Amino acid sequence: MQIFISRVFRTNTLTALRFVPGDQLSRCISSLDDLESGDVVLMCEVMEEATYVRHHKKKIAFILSAMRHFAEGLKEDGVNVDYIRLDDPENTGSFAGELKRAVARHGPDRVIVTHPGEWRVFEDMKKWEADLGIPVEIRVDSRFFATPKDFRQFAKGRKELRMEWFYRDMRRKTGLLMDGDKPAGGAWNFDKENRKSLPENVKLPDPPVFESDETTREVIRLVDSRFDGHMGEAQGMNFPVTRDEALTALDHFIETCLPSFGDYQDAMKEGAPFLFHSLLSAPLNAGLLCPEEICRKAEDAWRGGRAPINAVEGFIRQILGWREYVRGIYWLKMPDYRKGNFFGAKRDLPWFYWSGETDMACMAAAICETWENAYAHHIQRLMVTGNFALLAGIDPAQVEEWYLAVYADAYEWVELPNTHGMALFADGGLMASKPYAASGNYIDRMSDYCADCRYSAKSKDPESLCPFNALYWDFMARNRDKLEGNPRLGMVYRTFDRMDEARVDMLRKRAREFLDALE
Ligand code: FAD
Ligand code: DLZ
Ligand code: SF4
């Protein structure tokens, strides 16, 4: 098995079978470098990928439609594409099975693939050479700014792997938002300016609408007929499914949303699932956009005076910083990463994560919007559903499975570190310097959810007390031995120790009652 660390160029008269999975839908993917006229590009829709978790129907519809459009585009350019549909009666249901059939059909001298995004698939891929009896080249995924090797280099000898240091290295390496060797705008980070709550009268942009063509309509019918029991509806899927549509989405974001992205990045609002967010994660992770073009366009908007620095730096940090950083953590720490469970959390995931049927208005909004759109923005994922799972002590594996299933942008390389490390602190602090635990007061400050909730974040009355408030203090109390030594939580424990004993008892009793009722 050869794992190439750089792109490989060679001429060859024999046939190469080039395998392109559903999250590598990019003409610049390394497996398509040096494509020769006799080569065959294999793409396959397989049940194993659609069911290893119960993906949201809109996620499956998005990926299959994007795959079919990508294959059509290649064919129009004269590429020999072998495309296996999900409903092909001969379909074996797995990547390995389809590779085997394709090798028998085409008799290639080698298989070429780009490194997959998930450990699960990589493990499988490592067996292909022996199974197929021909060489399998696994090439570096050059769509990212940093390779796993670059990240290992960054991590070497460091006690803490904080995102901020990695991000600054990436700014220097790429020159993004740099003026010479200085950060553009005079600072590396404008996060303090990015925590505004949303004013009542702010005008929110409408997301672009992508009309379904016959390819998408056919996929939606297929998903409806095959994926009963998966979350949501395929109908109404509105993610861009072609490169052109993805570029439209990008331009729309840069012109319409980016100027306010920074200010309201952490805000939440009832009935407003998208706010000023880009909605680019699904097309980006599937390969329809490349991270560099997104960041360069955002930087151009600032240099051209069309968006302020706090918005542009905040946005670029998400892609150049967080996105690359979580990928680095994933490949550095897998396969053991997901085994950690710092708090020993073992409660089952409540059923309302799938249905949205809860009287907590913030949770109902985040989950129902997820059901509707296969999308929730970052603060809903982190500070509502993630925060609840952390405070309630829900088994990390079950929470991770949920996040992997329900979001159209979810692949394990990006989902796992965000859930396991950032939201649940299950890695004991590798990624975050303290748990992102918050009471209802935070949600009240950053949203209007509490106004229509049966509970109140301000209530002292046990009956109407916000569950997040009771759960927050219970979490801090029951995990005191693990968290007390954390310098960033000193204030929290000092406040806790000053609290009236009767109040602490009431809060912990309410938390217990609430958690018991979950079961
Ligand atoms: P915007 O707010 O417009 O941000 C711009 C881009 O920055 C995103 O498109 C995304 O590519 C990138 N980005 C922002 N934050 C992160 C982050 N923390 N990690 C990686 N990239 C980031 N993102 C995924 O792409 N897939 C996931 O499976 C996923 N799971 C998550 C699970 C949890 C518990 C949390 C807290 C976050 C998760 N995220 C995930 C990160 C983030 O929530 C989404 O990228 C973002 O909400 C996508 O919406 P957007 O495109 O409108 O993002
Ligand atoms: C997520 C997904 C789904 C639902 N279906 C397919 C599919 O039928 N064929 C395919 O090639 N890819 C699919 N994907 C994306 C893969 O899961 C993704 O490429 C791997 O997980 C990356 O390691
Ligand atoms: Fe959520 Fe509590 Fe506010 Fe209700 S009161 S919306 S449960 S934070």
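Residues numbered from 1 in each chain as written. Chains lettered and ligands numbered in written order. Predicted model: local features only at pLDDT ≥ 70, side-chain atom pairs only at ≥ 80, totals over all residues. Heavy atoms only, no water.

How do you make sense of the pairing of strand β6 (residues 136-139) when you look at a structure like this?
Consecutive side chains of a regular strand alternate in pointing toward one face of the sheet and then the other. Residues of β6 alternate between two faces, with Val136 and Ile138 on one and Glu137 and Arg139 on the opposite face, all of them buried. Bridge count for strand β5 (residues 110-114) against β6 is four bridges, and the pairing is parallel. Directly across from Val113, in β6, lies its bridge partner Ile138. (Buried < 20%, exposed > 50% of the residue type's maximum accessible area, 1.4 Å probe, protein only. Helix = DSSP H or I, 4+ residues; strand = E, 2+ residues; numbered from the N terminus. Pairing = 2+ DSSP bridges.)

Help me understand the site of ligand 1 in this model?
In the neighbourhood of ligand 1, 29 residues make up the surrounding shell, with His277, Ser278, Leu279, Asn285 and Tyr375 lying closest. His378 places a polar side-chain atom, nitrogen or oxygen, 3.0 Å from an oxygen atom of ligand 1. Across the complex, the protein chains shield 99% of the 810 Å² of accessible surface that ligand 1 would expose by itself. Residue classes in the shell around ligand 1 are distributed as 16 nonpolar, nine polar and four charged. (Near = heavy atom within 4 Å. Polar contact = N/O pair within 3.5 Å; in protein donor to acceptor, adjacent residues only side chain to side chain. Areas by Shrake-Rupley, 256 points an atom, 1.4 Å probe, with all protein chains shown as cover. Nonpolar A, V, L, I, M, F, W, Y, C, P; charged D, E, K, R; others polar.)

I would appreciate a short explanation of the pairing of strand β3 (residues 40-44) in the present structure.
Most of β3 sits out of view: five of its five residues are buried. Neither face of β3 is open: one carries Val40, Leu42 and Cys44, the other Val41 and Met43, and all of them are buried. Two strands pair when backbone bridges link them, and β3 and strand β4 (residues 81-84) are joined in this way by four bridges, in the parallel orientation. In the strand pairing of β4, Cys44 is matched with Ile84.

Sorry, what's going on with the pattern of salt bridges here?
Charged atoms that come close allow side chains of opposite charge to pair. What the rule picks out here adds up to 46 salt bridges. Two residues, Arg143 and Asp141, come together in a salt bridge whose shortest N-O distance is 2.7 Å. Judged by relative accessible area, which is 14%, Arg143 ranks as buried. A salt bridge links Lys269 to Asp448, with the shortest nitrogen-to-oxygen separation between them at 3.6 Å. On the criterion of sequence distance, the pair formed by Lys269 in the loop between α9 (243-261) and α10 (281-286) and Asp448 in the loop between α18 (440-446) and α19 (467-478) is long-range, its members being 179 residues apart. Owing to a relative accessible area of 30%, Asp448 belongs among the partly exposed residues under this scheme. (Salt bridge = Lys/Arg side-chain N within 4 Å of Asp/Glu carboxyl O.)

Could you clarify how one ought to interpret helix α7 (residues 163-174) in this entry?
One full turn of an α-helix is made of 3.6 residues, so residues set three or four places apart face in the same direction. Over its 12 residues, α7 runs 16 Å from end to end, which matches the ideal 16 Å to within 8%, given 1.5 Å per residue. Downstream of α7 by one or two residues, Gly175 has phi in the positive range, about 75°. (Expected span 1.5 Å × (residues − 1).)

Please explain the packing of aromatic side chains as it appears in this structure.
Aromatic ring pairs: the centre-centre distance and the angle between the two ring planes describe each pair. With the rule as written, the count across this model stands at 34 aromatic pairs. Ring plane angle 50° and centroid distance 5.5 Å describe the contact between Phe151 and Phe154, whose orientation is recorded as tilted. Placement of the pair is Phe151 and Phe154 together in helix α6 (residues 148-155), with a separation of three residues, close to one helical turn. On the numbers, 5.8 Å between centres and 70° between planes, the contact of Phe388 with Phe468 is edge-to-face. With a gap of 80 residues between them, Phe388 in helix α15 (residues 378-392) and Phe468 in helix α19 connect regions that are remote in the sequence. On the basis of relative accessibility, which here comes to 1%, the residue Phe468 falls in the buried class. Through pairs of rings, three or more aromatic residues link up here, namely Phe352, Tyr353, Phe388, Trp402, Tyr403, Tyr407, Phe468 and Phe514. The aromatic ring of Tyr411 is capped on one face by Lys59, whose charged end is 5.7 Å from the ring centroid. Sitting over the ring of Phe144, Arg327 keeps its end group 3.7 Å from the ring centre. (Phe/Tyr/Trp six-rings, centres within 6.5 Å; stacked < 30°, edge-to-face > 60°. Lys NZ or Arg CZ within 6 Å of the ring centre and 35° of its normal.)

Would you mind showing me how to read unusual backbone geometry here?
What you tend to see is this: most non-glycine residues have negative phi, and most peptide bonds are trans. Along the chain, Met334 connects to Pro335 via a cis peptide bond; the corresponding omega equals 10°. Here Pro335 lies in the loop between α12 (309-333) and α13 (352-355). Even without being a glycine, Leu275 presents a positive backbone phi close to 45°. Tracing the chain through its elements places Leu275 in the loop between α9 and α10.

Sorry, what's going on with the nonpolar core here?
Across soluble globular proteins, nonpolar side chains have a tendency to be buried as a group. Residues Phe62, Leu258, Tyr353, Met363, Phe388, Trp402 and Met476 are the most contacted members of the largest nonpolar core, which totals 183 residues. Per element, the largest residue contribution to this core is 12 residues, and it comes from α12. In this view, Met476 contacts Ala437, Leu483, Leu489, Val492 and Tyr493; residues no more than four positions away in its chain are not counted. (Core = buried A, V, L, I, M, F, W, Y, C linked by side-chain atoms within 4.5 Å. Contact = heavy atoms within 4.5 Å.)

Whenever I open this one, the packing of α9 against helix α11 (residues 291-303) confuses me. Can you help?
The geometry of a pair of packed helices is captured by two quantities: the angle between their axes and the separation between those axes. Here α9 crosses α11 at 30°, and the two axes come no closer than 11 Å. Accordingly, the angle class assigned to the pair α9 and α11 is roughly parallel. The two elements α9 and α11 meet at a crossing, and its hand is right-handed. For the pair formed by α9 and α11, the contact residues are Arg243, Leu247, Leu250, Asp251, Ile254 and Leu258 on the first element and Glu293, Ile294, Lys297, Ala298 and Ala301 on the second. Its residues assigned to classes, the contact of α9 with α11 shows seven nonpolar, no polar and four charged. (Axes fitted to C-alpha atoms, helices over the stretch in contact; angles between N-to-C directions. Parallel < 35°, antiparallel > 145°, perpendicular 65-115°, else oblique. Left-handed = near helix turned anticlockwise from the far one by under 90°.)

I would appreciate a short explanation of the environment of Leu280 in the present structure.
Tracing the sequence through the fold places Leu280 in the loop between α9 and α10. With 27 residues separating them in the primary sequence, Leu280 and Phe253 have C-alpha atoms 8.6 Å apart.

Explain helix α8 (residues 214-226) to me, please; I cannot follow it from the model alone.
When the terminal C-alpha atoms of α8 are compared, their 18 Å separation across 13 residues agrees well with the 18 Å that a helix rising 1.5 Å per residue should span. Summarising the contacts, the buried residues of α8 are in contact with α2 (57-76).

Sorry if this is basic, but what is going on with the site of ligand 3 here?
Lining the immediate surroundings of ligand 3 are Met360, Ala361, Cys362, Gly440, Ile443, Tyr449, Cys450, Cys453, Tyr455, Ser456, Ala457 and Cys466. Elements with a minimum of two residues in the shell around ligand 3: α14 (361-373) and α18. Considering only residue class, the shell around ligand 3 consists of 10 nonpolar, two polar and no charged.

I tried to follow the confidence of the model for the chain on my own but got confused; where do I start?
Interpreting fine coordinate detail is not advised for predicted regions of low pLDDT. On average, residues of the chain carry a pLDDT of 95, and 97% of them reach 70 or more. Counted against residues more than four places away or in other chains, residues 1-12, with its pLDDT under 50, gives 33 contacts. (pLDDT = per-residue confidence, 0-100.)

For this particular structure, what's the right way to read the packing of α15 against α19?
Where α15 meets α19, the axes come as close as 8 Å, and the angle between the chain directions of the two elements is 45°. Judged by the angle between their axes, α15 and α19 are oblique. For the element pair α15 and α19, the recorded crossing hand is left-handed. For the pair α15 and α19, contact is made by Val384, Asn387, Phe388, Leu390, Leu391 and Ala392 and by Phe468, Leu471, Tyr472, Phe475 and Arg478, respectively. Of the residues in the contact of α15 with α19, the class split is nine nonpolar, one polar and one charged.

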